[in-house]
Amino acid sequence: MERSRSLVGMEVPIPGSDSVKWIEVTVPSSTPATSSSPSSSSPPLAPLTEDTAACVVIGDPPTYLIWRIHKSQPCALDLVELCAFKEFPSTGIRILFPDALCPFAFICKDENICASGNLYLLYALTVSGVAYLFKLRNICTYESCSIFPSNDLIEFNLQTYPHYGEITAVAATSGSLVIGRNDGSVSLFRLGMFDQSAPDFVHELRDDTGIGRLWGFITRGKMVSPVQDLVISEVVGRKVVFVLHFDGMLRVWDLLSHSKVFSCTMTATPLLGATFLRLWVGEAKYNTNIIPLVILCRQALEVDKEMISIYHLHFSVGDRIIFFFDSSMQNIPSEEGKFIDVKLTSDKIWMLKQDGLISHNLFHANTNLEEGHCYALQETFVADQLFQSSEHCLDDLLWISHSLFSSMKEQIVSFVSSIFLRRLLHPGVYHNSVLHATLQDFNKHWSNPEFQSLTVDGLKKEILSLIEHEGVPESPNTIFYCWKNFCARYFHYWCKNSAPCGLLMDSSTGAVGLIRKDSLSLFRCLEDIELLIYGSFDELGASMNSGFDLYADDLEREILFEVLRCISSISLQLGKTASALFYESLIRAQIISSEEIVPRLLKILENGCSSSVAAHPISDLGADGAWEKELGDHKTLRKFSVDMLLSLHALCNKAKSWSRVLNAIESYLKFLVPRKMTQGVHSEVLFNINTSILAQATSQVAKVMFESALDILLLLSYLVNISGQFLNGEIPLTFFYVKLLEGLSEIIRINMLHDDISRIQLELVPMIQEIVTEWLIIHFFGTTPTESPALEDFSSQLSSLQIDSNNDRKSWNERLGKCDFTLALMLLVNIQSPSGDLSQLSLRSLPGSHSFISSVQDFTSWIIWGSTGEESSAFFSHSTELASILLRHGQYDAVEYLLTIVDAHSRKEKLSGSIQSSDGGWCKLHHLLGCCLLAHAQGGLNGIHKEKKICEAVRCFFRASCGEGASQALQSLSSEAGLPHLGLNGHVSSAAWKLHYYQWAMQKFEQYNISEAACQFALAALEQVDEALDPQNDSCGEDTLNELATSFKGRLWANVFKFTLDLNHFFDAYCAIISNPDEESKTICLRRFIIVLYERGAIKILCDGQLPFIGLTEKVERELAWKAERSDIAAKPNPYKLLYAFEMHRHNWRKAASYMYLYSARLRTESVLRDHPHLSLALQERLNGLSAAINALYLVHPACAWINPILGGNPLHNEHYPSKKAKKMEEEQSSGNDAQLQKLQTYVDVEKLENEFVLTTAEYLLSLANVKWAYTGMEKLPSDLVDLLVETNLYDMAFTIVLKFWKGSGLKRELERIFIAMSMKCCPNRVGSSLTWTRGLLLTSSKDGTSIQSSIDPDPSTQQSKEKYKVFNARLPVVVAETLLRTDPQIELPLWLVHIFKANQKENYWGMTGQESNTATLFQLYVDHGRYTEATTLLLEYIESFASMRPADIIHRKKPSAVWFPYTTIERLWCQLEQMISLGNMVNQCEKLKKLLHEALLRHLNLLKVDSDDAVSSSSVQ
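Residues numbered from 1 in each chain as written. Predicted model: local features only at pLDDT ≥ 70, side-chain atom pairs only at ≥ 80, totals over all residues. Heavy atoms only, no water.

Secondary structure assignment for the protein chain yields 49 helices and 38 strands. Looking at the protein chain as a whole, 53% of its 1518 residues qualify as buried. Long-range contacts, defined as pairs at least 24 residues apart, comprise 66% of the intrachain contacts of the protein chain with a sequence gap of at least 6. Approximately 67,700 Å² of the protein chain is accessible, and the part contributed by carbon and sulfur atoms is 52%. (Helix = DSSP H or I, 4+ residues; strand = E, 2+ residues; numbered from the N terminus. Buried < 20%, exposed > 50% of the residue type's maximum accessible area, 1.4 Å probe, protein only. Contact = heavy atoms within 4.5 Å. Areas by Shrake-Rupley, 256 points an atom, 1.4 Å probe, with all protein chains shown as cover.)

Below you can see the structure in the form of structure tokens.
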């Protein structure tokens, strides 16, 4: 930017203009492409593609048609249609040509709009010489990737027309296309007006006239130089074309008559050897009959040396138009860089360059004037924001950050990363395609739709993850290096993708805009205070607005300018990083307070940065370079200190006193305060391009004001700091430097009085802090993107349904969470604006550069002062209205920050008392802050952060309820702000208000399932009930009030119970129950208490004695029983077991036994009805229940050891509590189990319980063996149970059943049946035999006569059982042996069984006599079953034993009748052997057995005879 030009304005980007989605439409062509391919050898016939753009304003209200042609995409033409009263379009059309385009396009309105809906005409030309005329419809009617309709397209190949050279210039108007060639010829084509074959379609504009035209080329006039530029303009209603030739000749042709009306060679320019390049023609001024002409010249030797020359072409109107030049000429050199575009308005020329937009007066009296006004481009702002304005700007940020965070090194990374993120996503800095391209360099690849779908939070996460991946999170230096690299690449892409291409002009409003490569912006004029800040203090003093009166005399003016110079020195010394760090400290006060930042910045101004050389590897200077830089910084610091001291000393001397200096500063500060504008009638503001521009412009103004106030704060703090050192007797070292350098006789002193210091600290500094806070909030609104709507947020879901008929409000709902939709835009849409300047936002055209000033002032006034503009002692009294708007749209972060900073500032100023008395504003603030914190806590926070938010919300609600005027103030808020109308009309007592408000807060926390906070408000409401319902405050009777109080307390205690129960505070929940005065509510809560204890497995609290059952024992028991009767029998924990434990703890043994018996009875009935899949588990539970009941009854005196299973009501059919079980099951129970239910109605003693326990045990064991048998509860025992037990080898259970339920002969019979069955299972060979039961004996029949020898498998259970139960039936061994032999006659009896028979034998001198199961019985069994060998062997064994007894036992043998053998059976054995011999069966064996038997009997009989004789002799002797 040239130094000779003052800065009067700056660029304002239009949010959303960088995110247009293109509808690509392909142009069909019958002409083959010749130059679009890089390999094509055909020379181009027209100018090559360059980056160019233009805007056409059509209609009223105006429609702005913006077209662009990019050198990077030579075959595409982008077109966007926008209206100022609508939002920026999200889509545009991209026309794809078959060949590269010339840097030319022309758009106009289609005057012959047909029924097809064509709106505009578009002319374009390719480098191969093919011209196109498009009849454009509405852009939304085109589909992406489609073919442009051929009916709406006219194509004309200029190559088919005889030409004399390359096309060098082209222009168009409606129905006409004019081309100029390098041979100087100009041709007119009536494209779109006549058919291409019509004779009037083509006209060549030539100098010759009349008969000479017939001779064609022969009569052509003198050859002219190539055509450089063409401009079609309208003068006195006639279309004329201005033609600029290479040699400076200017010719004007009438397009209607095709005749030349003017020709002149331009005067020489100051540039030697200059070439005429471009021509611009202004509008004809009919009052002066002047047409301004602008010609661009370029020096041939220096490419960048260009100059603009302004000419005045006069014209007179008569029979024909006569043109003639004015001799005056104005030259404007470029100095540096090229001119990109030039536009002419009625009185100004606008020249676009790479470093700024320059404006000059077209009709200035001084023709050599070089002064002008400059408008800053966005490149400067982006460079400052990303610390790219100087080489070591980021290094300075690192130095200062290390100094500020010297005691908090771990906070540097997060703090600085937050600065970079905030500035990258800053409106005007953030660019959709730029960030996309930058991230792709770091291997972050997304498609365009995916990237555009990312919200602000998503972009932050992606960028942070990239930085942390590239660097080391624990090392601030590496993170700084990563940010430096990232910002450098981002700025490179920003400058590349956002290069200026052309200007936008709207003469109707004076709007000036800039068309960039991929975005759009407007220019605004600076406010007066901005002009003072940006400009030269000495030169701008006389140019201020008359309303901007800063000073009363010249001295005060000079004092102010000296102050501003001191401020500028401090700003230059700290650089652009100080304001960034200070701003971030205000945004993120939890890391470092802004009050800590200022003293540390002053320390840096006095002593420099304290970072070590090791902290600067980011500079890439090396150790030596960094050391040299540090020495240079110290030198700069000394120079700054000396200059500041001299400046302050000179300032004091000029003002004569510091008081006058402070007066000037105070006057200046008043103009930094946001202006309070007069408000008028309210009207609605819609979301459109104008509102977007206003929000962006407001953020720019807020930034300047914020930084200016900060600079004054630093200056005053610096001044106080130096003065304080003098007052304390400490002379800074800088003062000695000044004395030595200046050769002074004494040290310069800053003679500031205590009163001056006190005035700074008590008046000016608080005033500056308030200004800083106000502009901080405005800037925060203007730059902070909105939050994405929460998925569970009902209001956002309602908005997404788009029920509202306002289309403008529907559109921005979709923009929430995007970088280009800031909080200021949301506020603007919701503003009820005055009819004054803000109403310009609803105009149908783009605003002029000067209209921004009043609009920004109105908007900032509304933010700070509101629509009424009433004075208030409270700081930022309008904050509650803003917070309500933001809260209504789910902007919780913004609301929290706004109200927190307002509250903090108010408390710092000690204004709480005045706030509370200002119509409840203090209450509104805390109420809204509480609503915001509460919603924020539910927005995904967890752990300690969520708890902190909840605690702060509770605090805010309690504070809101206690302020003066809280009732009226809070009820005046809209329901969308969180508090519905409570219906409290007129005067209400403080207690009544708090009662209702606490109930609302309780319900609010309950809605978010925050039970602890809800409980606090319920308890707080309980404290207000008695006072709120005091008879003195109500006209109702005392009895009515008591009932009402009981009802209120009952509901509130019920809520306390619910909240504490939700928190698992069971003791507190029970205390709430017993504190509840409403009996009905108490009963309901008690029932709920028991149900929840069941569900959460904490039911044992009722049984361990922790809870005092004060008068509730019976109710608890009744509720427990009710719960048990209606609970599933398989519920965990089991309610019957709880009742058992409950009664056992109270020593109610019989009730405990009764509940356990009911438990087992329900198990029996329900498991049968349901065909329980886990029957064994149910039976096990039945056994446990019966066992517990039996044990409990054993604790009772035997005379009282009985229970009543009904306990006052049928457990299955209770009349008081209808069961919720299915009707079908009830019918089944009533029809199929009447007998069981009838049986339950009798009293049950221990014996009955034990019997049922035994049978249930048998059923349980059978279920384990997958055998189904169910106990029916009948007294008569089923006969098949024992058989089932034996078949499943459950012998012990079978014996238990028999011993329990049979006596006498029945017992013996059942035992024999069991042993018979057991014995049969021991036989391995039972094939071919049929078994039948006959009176307890097993009969066998063999199908064949074969003899089978087998052995028995020993069964220990049979042996053990026989030994155990032989006492009940001595014949059991006989039964076993007989069963075995009958089942398998050839079986070998087990040895243990034979030993039983032999063990039952008395002493061997008695022979084979003994008990029922003796050897004689065994001998008989052998004989009966054909076991002759075993029988003979057994008999011989005992005969031999009888004969071979000891001499001492012989006397016993000789007693009369003492010896017995089964002689009858022996005889049967003898007969059987003889029979076998006679039949010829086993003759030898039988003979042998018979012989052995004969010999043994003979000896035995002889021995008996001897013993008989001895017995006779003995008796005779006696």
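The subject of this paragraph is the environment of glutamate 1250. Relative to the elements of secondary structure, glutamate 1250 occurs in helix H38 (residues 1246-1264). For the pair glutamate 1250 and isoleucine 1190, spaced 60 residues apart in sequence, the C-alpha separation works out to 7.2 Å. Residue contacts for glutamate 1250: discarding those within four places in its chain leaves Ile1190, Tyr1194 and Lys1300.

Inspection of the secondary structure puts asparagine 1134 in the loop between helix H32 (1113-1126) and helix H33 (1135-1145). Residue classification places asparagine 1134 among the buried positions, given a relative accessible area of 7%. Here tyrosine 1136 takes part through its backbone nitrogen, which lies 2.9 Å from a polar atom of the side chain of asparagine 1134. Discounting residues that sit within four places of it in the chain, asparagine 1134 has contacts with Ile1129 and Tyr1159. (Polar contact = N/O pair within 3.5 Å; in protein donor to acceptor, adjacent residues only side chain to side chain.)

A few words now on the sheet that holds strand S8 (residues 120-126). Strand order in the open sheet formed by four strands is S7-S8-S9-S11, with antiparallel pairing between adjacent strands. Edge positions in the sheet fall to strand S7 (101-109) and strand S11 (153-157), since each has one partner strand and no second. The mean inter-strand angle of the sheet, taken between neighbouring strand axes irrespective of direction, is 15°. As judged from the six bridges shared by S7 and S8, these two strands associate in the antiparallel manner. When the sheet's bridge partners are listed, cysteine 108 is paired in S8 with leucine 121. (Pairing = 2+ DSSP bridges. Axes fitted to C-alpha atoms, helices over the stretch in contact; angles between N-to-C directions.)

Let's shift gears to helix H24 (residues 921-937). It helps to recall that an α-helix has 3.6 residues per turn; residues three or four apart then point in one direction. The first and last C-alpha atoms of H24 sit 24 Å apart over 17 residues, in line with the 24 Å expected at 1.5 Å per residue. Within H24, 16 of the 17 residues are buried, which leaves the element mostly enclosed by the surrounding structure. (Expected span 1.5 Å × (residues − 1).)

The next point concerns the environment of glutamine 700. Here glutamine 700 is to be found in helix H14 (residues 689-727). For the pair glutamine 700 and isoleucine 778, spaced 78 residues apart in the sequence, the C-alpha separation amounts to 10.0 Å. Other than its neighbours up to four places away in sequence, glutamine 700 contacts Met10, Glu11, Val12, Pro13, Gln378, Arg524 and Glu530. Reaching out from glutamine 700, the side chain makes a polar contact with the side chain of arginine 524 at a distance of 2.9 Å.

A few words on the nonpolar core. Ranked by internal contacts, the top residues of the largest apolar core, which has 271 residues, are Trp483, Phe486, Phe781, Phe1005, Phe1089 and Leu1102. Apart from the residues lying within four places of it in its own chain, the contact partners of phenylalanine 486 are Leu424, Leu435, Thr438, Leu439, Phe442, Ile463, Leu466 and Ile467. Grouped together as the second largest cluster of nonpolar side chains are 61 residues, Val1282, Ala1377, Ala1431 and Leu1489 included. (Core = buried A, V, L, I, M, F, W, Y, C linked by side-chain atoms within 4.5 Å.)

Our next topic: a nonpolar patch on the surface. Side chains of Val236, Tyr286 and Val317 sit close together on the surface and give an oily, nonpolar patch of about 280 Å² of accessible area. On the secondary structure map, valine 317 appears in strand S22 (residues 306-317). According to the relative accessible area criterion, valine 317 is exposed, its value standing at 53%. (Patch = residues over 30% accessible without salt bridge, like charges linked within 9 Å, V, L, I, M, F, W, Y side chains within 5 Å. Salt bridge = Lys/Arg side-chain N within 4 Å of Asp/Glu carboxyl O.)

Let's shift gears to the pattern of salt bridges. This structure, assessed with the given rule, holds 35 salt bridges. With a closest N to O distance of 3.3 Å, arginine 600 and glutamate 596 form a salt bridge. Of this pair, arginine 600 and glutamate 596 both sit in helix H11 (residues 594-607), separated by four residues, roughly a single helical turn. In this structure arginine 600 comes out as partly exposed when scored by relative accessible area, which is 22%. A salt bridge links lysine 1082 to glutamate 1079; the shortest N-O distance between them is 3.7 Å. Of the two residues, lysine 1082 and glutamate 1079 are both situated in helix H31 (residues 1079-1095); the distance of three residues between them amounts to about one turn of the helix.

Let's shift gears to the environment of cysteine 609. Its location among the elements puts cysteine 609 in the loop between H11 and helix H12 (622-655). With relative accessibility at 22%, the residue cysteine 609 sits in the partly exposed group. In contact with cysteine 609, not counting residues within four places along its chain, are Trp399, Ile400, Ser403 and Ile604.

This paragraph deals with the packing of helix H9 (residues 554-574) against H11. Where H9 contacts H11, the two axes come as close as 11 Å, and the packing angle between them is 90°. The angle between H9 and H11 falls in the class roughly perpendicular. Residues Ile570, Gln573 and Leu574 of H9 touch H11, and the partners they reach there are Leu601, Ile604 and Leu605. When its residues are assigned to classes, the contact of H9 with H11 shows five nonpolar, one polar and no charged. (Parallel < 35°, antiparallel > 145°, perpendicular 65-115°, else oblique. Nonpolar A, V, L, I, M, F, W, Y, C, P; charged D, E, K, R; others polar.)

For the peptide bond that leads from aspartate 60 to proline 61, omega is 0°, which places it in the cis range. Mapped onto the secondary structure, proline 61 falls in the loop between strand S3 (52-58) and strand S4 (63-70). Positive phi, close to 75°, is recorded for lysine 656, a residue that is not glycine. Along the polypeptide, lysine 656 turns up in the loop between H12 and helix H13 (658-670).

Another point: the side chain of asparagine 157. When you line up the elements, asparagine 157 lands in strand S11. For asparagine 157, a relative accessible area of 15% corresponds to the buried category. At a separation of 3.0 Å, a polar atom in the side chain of asparagine 157 contacts the main-chain amide nitrogen of glutamine 159.

Before going further, it helps to spend a moment on the packing of aromatic side chains. One pass over the full model with this rule turns up 39 aromatic pairs. With 4.9 Å between their ring centres and 5° between their planes, phenylalanine 420 and tryptophan 483 make a pair best called stacked. Of the two residues, phenylalanine 420 sits in helix H3 (residues 412-424) while tryptophan 483 sits in helix H7 (residues 476-497), which places them 63 residues apart along the sequence. Given the relative accessible area of 1%, phenylalanine 420 is considered buried. Site record: aromatic cluster; members linked through ring pairs are Phe957, Phe958, Trp993, Tyr997, Tyr998, Trp1000, Phe1005 and Phe1017. One residue, lysine 676, lies across the ring of tryptophan 865, its end atom 4.4 Å from the ring centre. The ring of tryptophan 1202 has arginine 1150 lying over it, and the distance from NZ or CZ to the ring centre is 3.8 Å. (Phe/Tyr/Trp six-rings, centres within 6.5 Å; stacked < 30°, edge-to-face > 60°. Lys NZ or Arg CZ within 6 Å of the ring centre and 35° of its normal.)

Next up on the list: the pairing of strand S23 (residues 321-333). With ten bridges joining them, S22 and S23 adopt antiparallel strand pairing. If you follow valine 317 over to S23, its bridge partner there is isoleucine 321. Adjacent in sequence and paired antiparallel, S22 and S23 are bridged by three residues.

For residues with low pLDDT, the predicted coordinates do not support detailed interpretation. Of the residues in the protein chain, 77% reach a pLDDT of 70 or more, and the chain-wide mean stands at 78. Between residues 793-805, whose pLDDT stays under 50, and residues either more than four places distant or in other chains, the model counts 14 contacts. Every residue in residues 833-837 scores below 50 in pLDDT, and together they form 16 contacts with partners more than four places removed in sequence or on other chains. (pLDDT = per-residue confidence, 0-100.)

Here we have six strands laid out as an open sheet, ordered S3-S4-S5-S6-S2-S10, and mixed in their pairing. Whereas interior strands pair on both sides, the edge strands pair on one side only; in this sheet they are S3 and strand S10 (146-147). Looking at chain direction, strand S2 (residues 21-26) and strand S6 (residues 91-96) are connected through six bridges and run parallel. When the sheet's bridge partners are listed, glutamate 24 is paired in S6 with arginine 94.

Here we take up the packing of H9 against H13. Closest axis-to-axis distance for the H9/H13 pair is 9 Å, and the angle between their directions is 80°. In terms of their interaxial angle, H9 and H13 are classed as roughly perpendicular. Where H9 approaches H13, its residues Leu555, Glu556, Ile559, Leu560, Val563 and Leu564 are matched on the opposing element by Arg660, Val661, Ala664, Ile665, Ser667 and Tyr668. Here the contact of H9 with H13 is built from residues that sort into nine nonpolar, one polar and two charged.

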